[in-house]
Structure formats: structure tokens, C-alpha cells
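One letter stands for each residue in the lines below.
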Amino acid sequence: MTYFNKIIETRDWLSLKYNFELIDLALVLGSGLGAFADLIENKVEINFDEIPNFKVGKVLGHNNKMIMGEVAGKRIVVMQGRVHYYEGNTMREVTFPIRVLSSLGIEKLILTNAAGGLTGKAGQLMLIEDHLDLFCPNPLMGENLEEFGDRFPDMTEIYNRVFIEKAIEIGRLADIQLTKGTYCYLTGPSYETPFDIKVLKALGVNAVGMSTVPEAIVAKHAKMKVLGISCITNLAAGIGDKPLSHTEVVETTSRVSDDFISLLKGIIKEI
Ligand code: HPA
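Scoring rules and cut-offs
Residues numbered from 1 in each chain as written. Predicted model: local features only at pLDDT ≥ 70, side-chain atom pairs only at ≥ 80, totals over all residues. Heavy atoms only, no water. Near = heavy atom within 4 Å. Polar contact = N/O pair within 3.5 Å; in protein donor to acceptor, adjacent residues only side chain to side chain. Areas by Shrake-Rupley, 256 points an atom, 1.4 Å probe, with all protein chains shown as cover. Helix = DSSP H or I, 4+ residues; strand = E, 2+ residues; numbered from the N terminus. Nonpolar A, V, L, I, M, F, W, Y, C, P; charged D, E, K, R; others polar. Buried < 20%, exposed > 50% of the residue type's maximum accessible area, 1.4 Å probe, protein only. Pairing = 2+ DSSP bridges. Axes fitted to C-alpha atoms, helices over the stretch in contact; angles between N-to-C directions. Parallel < 35°, antiparallel > 145°, perpendicular 65-115°, else oblique. Left-handed = near helix turned anticlockwise from the far one by under 90°. Contact = heavy atoms within 4.5 Å.

### Topic: the site of the ligand
1) Next: Contacts to the ligand come from Ala114, Ala115, Gly116, Tyr191, Glu192, Val208, Gly209, Met210, Thr233, Asn234, Leu244 and Val249.
2) Next: Between glycine 116 and the ligand, the recorded distance is 3.3 Å, taken from a backbone N or O atom to a nitrogen atom.
3) Next: Between glutamate 192 and the ligand, the recorded distance is 2.8 Å, taken from a side-chain N or O atom to a nitrogen atom.
4) Next: The fraction of the free accessible surface of the ligand (260 Å²) that becomes covered by protein chains is 95%.
5) Next: Here the element with the most residues in the shell around the ligand is strand β5 (residues 108–117); it accounts for three residues.
6) Next: Among the residues forming the shell around the ligand, the class breakdown is seven nonpolar, four polar and one charged.

In C-alpha cells, the structure reads:
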């Protein structure tokens, strides 16, 4: 079966489980950020392993469920967890769920992640203004799917500026400190070396991580409006004085969980 036919097969399967025409936006929850799902009312949950053609990630802190329901009066679909390139998936597999969401008619997408900070402090939430993706294969490589977008899609405003301004305003009203910055995508799974970080810092990068960018490129190709939020879980290699660990990443996300959840709730209400 072609990649496109798989997208359609999955779309049709999901359409029988839920009326996606009612959905306003989709949200992808990164490592340790899954607690947001407790807020969803009138939930319908589907495990990734039940969904045809979906891959299941194995990262601690990811629940691997698709949840449909209501938050702040809006109908949303939440991807609680994602699959990564470093798990051995192809870029097409990593971005498959985004194509499916687009084919279901969803036009707004919030991508969240845990990231290492080159500037700022651990525990901060950063709105992604733009990204650096010079080191990794592009998820649009291979035959172009004309049904979604052009061969050479524009990427000048992947992260929607209106969404960013709204998020800043919501943060201000809720007294949640937010920063804006550039996220650099690296495949992982090893964390960066202090020299990697020194070079990236000289280039103006604010945060580094192992997700989000492939999804954002595919979403922009399909003309979805994207908001990206990084939870800075640790200082990047060589910036702080301790070794990096996934345990710290998950601990920090649970520490900032309350702020993160109220920010998301406010954003969902407004966008
Ligand atoms: N580097 C890359 N990815 C990450 C980090 C980091 O320091 N922290 C959380 N995800």
C-alpha cells in the first residue's frame, strides 16, 4: 500500500470512531507533559497500537494514546506521546500522525516538547518562534504528496505569529513567565556535547530537542497553523554543571505541569 493510501486508510478508520468534523485543533504532548490529558472532558481514547498504520513509541513519559474530547469549550484531539526518528522510525513514520490529522480536516496544531536550554532557566516555557534544522533529513523527502502541499513549500512562518502573540497575552494574564526563541532539532538519542552546544549558542539557538521540527515542517506543508511550546527541562550540555538525564527531564516537566496546563487551557480557548 502506498504511503498516501495508508494515510487515507487511517483517516477512514478514525472517522468511524469519532466525528472529527467537530474538532477545532490538535495537540501533541511531549515527554512528561501528558498530565494535560486529565483535563479533557467527555473523552474518547484510542491506544496508538489499535490505530492502523500508527507506530507506538517506547519513551518513558509517553502514554501513546489519541484522546478526543473537550477542553475550555473546544473540541480537541490530543496525541499523548509521539514516535521519534531516534527510535529507528523513518521521517515519514514520525510525521504520519500529522498527515492523518490534516487529512481529517484539522487546521490548527499545537506541538509541545521537552528541551534543553541554551539560554534561560530550567522550568521555563518557551514559545518557538523559528527553528534550525540543518543537520537532519527533511521529512518531505521522497515523492511529494500534492494532496497536502507543494514540492517546495515556503517555511518563512512555520510558527504562527498570531498564535504566539495570543499565547504571550494569555501567559501575561495568568502570570506565567514565557520566553520566545529558536529551537534546534537534533536527532538524538545522545544528548549534545558541550561543544555542540557552544556552536549552537553562537548561532543564536535558545533550545535544543529531539522532536517537533519534522512534525512542524509536515504541518506547514499541509498549510496547518502551528504553535510550538518547549518546556525547558534542563540546561543544555556544558551550560549547567551536571550531566544530563532523562530522569531530570521528566522531573522538571512534572514540576511545571500546573503552569503548562493552565497555559494550554488558555491558548485552546483563544485560538
Ligand atoms: N537536549 C536534547 N533534547 C532534550 C534535552 C537536551 O538537553 N532536554 C530535553 N530534551
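### Things to note about the pairing of strand β9 (residues 225–235)
1) Next: Counting buried positions along β9 gives nine out of eleven residues, so the element sits mostly inside the fold.
2) Next: When β5 meets β9, the two strands line up parallel, connected through ten bridges. Across the sheet, the residue bridging to asparagine 113 is serine 230, located in β9.

### Notes on the packing of helix α3 (residues 161–173) against helix α7 (residues 257–270)
1) Next: Orientation of α3 relative to α7, taken along the N-to-C sense of each, is 130°, at an axis distance of 9 Å. Judged by the angle between their axes, α3 and α7 are oblique. Once α3 is placed against α7, the crossing between them reads as right-handed. For the pair α3 and α7, the contacting residues are Lys166, Ala167, Ile170 and Gly171 in the first and Leu263, Gly266, Ile267 and Glu270 in the second.
2) Next: Looking at the contact of α3 with α7 residue by residue, the class counts come to four nonpolar, two polar and two charged.

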